[in-house]
Amino acid sequence: MGSFILKRLINLIPTLLVVGIIVFIITRMIPGDPASVMLGPQASVEDVENLREELGLNKSIPSQFISYVADLAQLNLGYSYSYSESVIGLIIERFPNTVILALAALLIAVVIGIPAGILAARKQNTIIDYVVMLISLVGVSMPIFWLGIMLVLFFSVNLGWLPATGMGNLDDGLWPYIKHLLLPAFALATIPMATFARITRSSMLEVISQDYIKTARSKGIKEYLVIGKHAFKNALTPILTVLGMQISNLLGGAVLTETIFSWPGMGRLIVDAIDKRDFVVVQGTVIFIAFIFVLINLIVDVLYKVVNPKVNLESDGGKK
Amino acid sequence: MAQVIVNDNKKQNTLLRKLLKNKLATIGLIIVTLMTIVAIFAPLIATHPPNEMTVGKSFLPMNTDGHLLGTDNYGRDLFSRLVYGTRISMVVGVAAVLFGAVFGTLLGLVAGYFGGRLDSIIMRTMDGLFAFPFILLAITLMTVLGQGLVNVIVAIGIANIPGFARLVRGQVLSVKEEEFIEVTHSLGATHTRIIFSHILPNCLAPLIVYGTMSTAGAIISEAALSFLGLGIQPPTASWGSILKDGKDFLVLNPQMATFSGICILLTVLGINLLGDGLRDALDPKMKV
């Protein structure tokens, strides 16, 4: 197991390098001079020139790239002028908020999606199955930014039950904090929840029809144990695969959800930075999210192996 | 030649028959067909020019003065704007996926067929692109490209490339080892001929399924980009930009946000249903 993790960590290096190169190329392609765009039309020529020098824009592209990689290796993501703060500082401040939102969404998705899928499989071809499948079909097609707005319209504007925007402070107590979290987390949870329900159902149906489940039942083992212990454990592998894929959805969806609910996380930071044309922040946050995403995928791969030791992830070089 | 065409027609007929047997897929097909008709005949269906502003007629409620769904903040007819928005969504959905499919397929074919260092370079680059959440990659590309229809297509198209490349490479690897490829090769067929006449046709079924599913994603992405103000430029009507305006006037005029979102949801749902049906009909083992 140790050597497997080590091998995967080494495999990460070329991917991370490619991520770095892609972000470098994209940010260098932004039209206009980043320094003058960042400082705005009123800036003096001297200020622009100073910023150009500070950002290293007057150096050649290869030497810009070398200092960029060197900075990355030291976790130096640059300094933001519009926020008057280092980018890493901004990330340290905002990233935990995105994690809270994403984890809350994942929790909702797992707690509702997986049992719904199991229930649908148990009651296959009944009205319960159809309802669960219809809801999850709509769920996977949901534009979550629209759902977010509709949730605000219904629960905040019409009913006045939950706050429409912002993040609560734990000092004010747990309930106000959760109240702020509920709507954005639910909006973000929609697609993973529906996907979990669908994959759990199909995976459970496949397992339930197998002989060992029939044997377990004929031995008189209680139904909840047959489903919970024997069937679900074997249905878990495809669910975990989907879990890995959903993390990309959560991180991407956070960009949109945070914008709608003014949630002070990474997604909102990126959208605001694009608005302010603060390319240093855009570059730093995008590369950070990509790194995190790659790392989470690695963790999911390891979990995959823990759950199902027969899976040989090394044979295909870790590609899924 | 005539025989081939007949066979092709037969194949299409069985595919359509299989699709129509599946109720959900039929619903999907109906929705997609309807949306396509609306997109093509938008000028005939719309009751007003989509960008025509009328002073003093802002935020009319539904069914007033011949405005079926009322008017927006500029007094423009909401129904007509939604009808025209269908065009943007369908065009971006199809064009962005075609863009991603063409480049992704080419890269996947080359990587899978030739293997070696070329394969490593191409696939590591694809892994790198895959490390970005889809919408984040599209957003970042839009900041470089700037607003506009073509740029939206290119940005979403680029974000679609790695998915197609991976899919096609996987298919090529499994087809490449088949005996008929070896035979064709020993008969003196060129690489280009083998790739395009023998390998590519074997990738078509999963490509069609994946392409259909990706169209749904592309439509949502366009709406998301326009919603963030990075996509289609005003005053062009796009479901995403109508939703963006609607969000600002949620209390005053909830129908702007409500109906634009329903249009997105309905279209994406239709395409997903059709995609599920196509998968079951063409390639039941495939998991997209």
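As annotated in an unreviewed UniProt entry, chain A is ABC transporter permease from Lysinibacillus pakistanensis.

(A) Summary view of the overall build of chain A. Scanning chain A for helices and strands turns up 12 helices and 2 strands. Seen through its C-alpha atoms, chain A measures out along the principal axes to roughly 85 × 55 × 35 Å. Counting the 320 residues in chain A, one finds 35% classified as buried. Taking as baseline every contact in chain A between residues at least 6 positions apart, the subset at least 24 positions apart corresponds to 69%.

(B) Examining the overall build of chain B more closely. Looking only at helices and strands, one finds 11 helices and 0 strands in chain B. Expressed as lengths along the three principal axes of its C-alpha atoms, the size of chain B is roughly 75 × 45 × 30 Å. Here chain B holds 288 residues, and 49% of them are scored as buried. Restricting the contact set of chain B to residue pairs at least 6 apart, pairs at least 24 apart contribute 70%.

(C) How the structure looks around the UniProt feature "domain: ABC transmembrane type-1" (unreviewed entry) in chain A. Cross-referencing UniProt, the feature "domain: ABC transmembrane type-1" (unreviewed entry) maps to residues 95–304 of chain A in the present numbering. Helix makes up 83% of residues 95–304 of chain A and strand 0%, whereas the separation of the span's terminal C-alpha atoms amounts to 26 Å.

(D) Structural detail: the environment of I289 of chain A. When you line up the elements, I289 of chain A lands in helix α12 (residues 279–307). Residue classification places I289 of chain A among the buried residues on the basis of 26 C-beta atoms within 10 Å. Along the sequence, I289 of chain A and T259 of chain A sit 30 residues apart, while their C-alpha atoms lie 17 Å from each other. Those residues in contact with I289 of chain A that lie beyond four places of it in its chain are L251 and M266 of chain A together with P133 and L136 of chain B.

(E) Up close: the packing of helix α10 (residues 223–261) of chain A against α12 of chain A. Residue and element names in this part refer to chain A. As a packed pair, α10 and α12 sit with axes 10 Å apart at the nearest point and diverge in direction by 170°. Taken together, the axes of α10 and α12 are roughly antiparallel relative to one another. Residue-level contacts link L236, T237, L240, L243, G244, I247, S248 and L251 of α10 to I289, F293, I296, N297, V300, L303, Y304 and V307 of α12. In terms of residue class, the contact of α10 with α12 is built from 12 nonpolar, 4 polar and no charged.

(F) View of the interface of chain A and chain B. Contacts between the two partners involve 36 residues from chain A, matched on the other side by 35 residues from chain B. Secondary structure elements with two or more residues in the side of chain A that touches chain B: α1 (2–29), α6 (127–140), α7 (144–158), α10, α11 (266–275) and α12 of chain A.

(G) Broad picture of the UniProt feature "transmembrane region" (unreviewed entry) in chain A. Residues and elements named next belong to chain A. The feature "transmembrane region" (unreviewed entry), as given by UniProt, occupies residues 12–30, 99–119, 131–157, 177–197, 239–261 and 281–304 in the numbering adopted here. Its end C-alpha atoms 28 Å apart, residues 131–157 is made of 89% helix and 0% strand. Note that residues 281–304 is 100% helix and 0% strand, and that its end C-alpha atoms are spaced 34 Å apart.

(H) Representation of the nonpolar core in the model. Ranked by size, the top nonpolar core spans 155 residues in total, and within it A105 and L188 of chain A together with A138, I139, I156 and A224 of chain B carry the most contacts. The element that contributes the greatest number of residues to this core is helix α8 (residues 174–208) of chain A, accounting for 16 residues. Beyond its immediate chain neighbours, meaning those up to four positions away, A224 of chain B contacts F145 and L256 of chain A together with I135 and G240 of chain B.

(I) Molecular detail of the packing of helix α4 (residues 78–114) of chain B against helix α11 (residues 254–282) of chain B. Residues and elements named next belong to chain B. Where α4 contacts α11, the two axes come as close as 11 Å, and the packing angle between them is 35°. Handedness of the α4/α11 crossing: right-handed. For the pair α4 and α11, contact is made by L78, L82, G85 and S89 and by Q255, M256, F259, S260, C263 and T267, respectively. Broken down by class, the residue content of the contact of α4 with α11 amounts to 5 nonpolar, 5 polar and no charged.

(J) Representation of the confidence of the model for chain A. Residues and elements named next belong to chain A. Here chain A shows a mean pLDDT of 84. Residues at 70 or above account for 96%. Helix α5 (residues 87–122) holds the highest mean pLDDT among the elements of chain A, 93, whereas helix α2 (residues 34–39) holds the lowest, 75. Between residues 313–320, whose pLDDT stays under 50, and residues either more than four places distant or in other chains, the model counts 9 contacts.

(K) Spotlight on α1 of chain A. Here α1 of chain A contains 28 residues, and its C-alpha end-to-end distance of 41 Å stays within 8% of the 40 Å for a straight helix at 1.5 Å per residue. Where α1 of chain A bends most, at I13 of chain A, the angle is about 25°, and the proline P14 of chain A comes one to four residues later. Where α1 of chain A is concerned, the buried positions are T15, V18, V19, I22, V23, I26 and T27 of chain A. Turning to α1 of chain A, the residues buried within the fold contact α12 of chain A together with α5 (116–130) and α6 (134–145) of chain B.

(L) Spatial organisation of unusual backbone geometry. Omega for the bond connecting P234 of chain B with P235 of chain B falls within 30 degrees of zero, at 10°, which places this linkage in the cis form. Structurally, P235 of chain B is set in the loop between α9 (191–227) and α10 (239–248). The residue S84 of chain A is not glycine, and still its phi comes out positive at about 50°. Looking at where S84 of chain A falls in the secondary structure, it is placed in the loop between β1 (79–80) and β2 (85–86).

(M) Seen up close, the confidence of the model for chain B. All names here are of chain B. Chain-level pLDDT for chain B is 89 on average; 94% of the residues reach the 70-or-more range. The low-confidence segment residues 1–5, where pLDDT is below 50, has 0 contacts with residues more than four positions distant or belonging to other chains. Scored as a whole, the predicted complex attains pTM 0.88, and scored at its interfaces, ipTM 0.87.

(N) Structural view of the environment of F196 of chain A. Residue and element names in this part refer to chain A. Mapped onto the fold, F196 is located in helix α8. According to the C-beta neighbour criterion, F196 is buried, with 27 such atoms within 10 Å. On a C-alpha basis, the gap between F196 and V140 in space is 9.9 Å, while along the polypeptide they are 56 residues apart. With sequence-adjacent residues up to four places away left out, F196 is seen in contact with A109, V110, G113, I114, G117, I239 and V242.

(O) Representation of the environment of A185 of chain A in the model. Residues and elements named next belong to chain A. Here A185 is to be found in helix α8. On the basis of neighbour counts, which here come to 23 C-beta atoms within 10 Å, the residue A185 falls in the buried class. Considering only alpha carbons, one finds A185 and E54, 131 residues apart in sequence, at a separation of 40 Å.

(P) Region of the structure containing α10 of chain B. Judged by how many residues are buried, α10 of chain B sits mostly within the fold: 8 of 10 residues are covered. In the core, the buried residues of α10 of chain B are packed alongside α7 of chain A together with α4, α9 and α11 of chain B.

Rules used throughout
- Residues numbered from 1 in each chain as written.
- Chains lettered and ligands numbered in written order.
- Predicted model: local features only at pLDDT ≥ 70, side-chain atom pairs only at ≥ 80, totals over all residues.
- Helix = DSSP H or I, 4+ residues; strand = E, 2+ residues; numbered from the N terminus.
- Buried ≥ 20, exposed ≤ 12 C-beta atoms within 10 Å, placed from the backbone.
- Contact = placed C-beta atoms within 7 Å.
- UniProt positions renumbered as here; feature names shortened; annotations may be inferred.
- Axes fitted to C-alpha atoms, helices over the stretch in contact; angles between N-to-C directions.
- Parallel < 35°, antiparallel > 145°, perpendicular 65-115°, else oblique.
- Nonpolar A, V, L, I, M, F, W, Y, C, P; charged D, E, K, R; others polar.
- Core = buried A, V, L, I, M, F, W, Y, C linked by C-beta atoms within 7 Å.
- Left-handed = near helix turned anticlockwise from the far one by under 90°.
- pLDDT = per-residue confidence, 0-100.
- Expected span 1.5 Å × (residues − 1).
- Bend = angle between axes of the 7 residues up to and from the residue.

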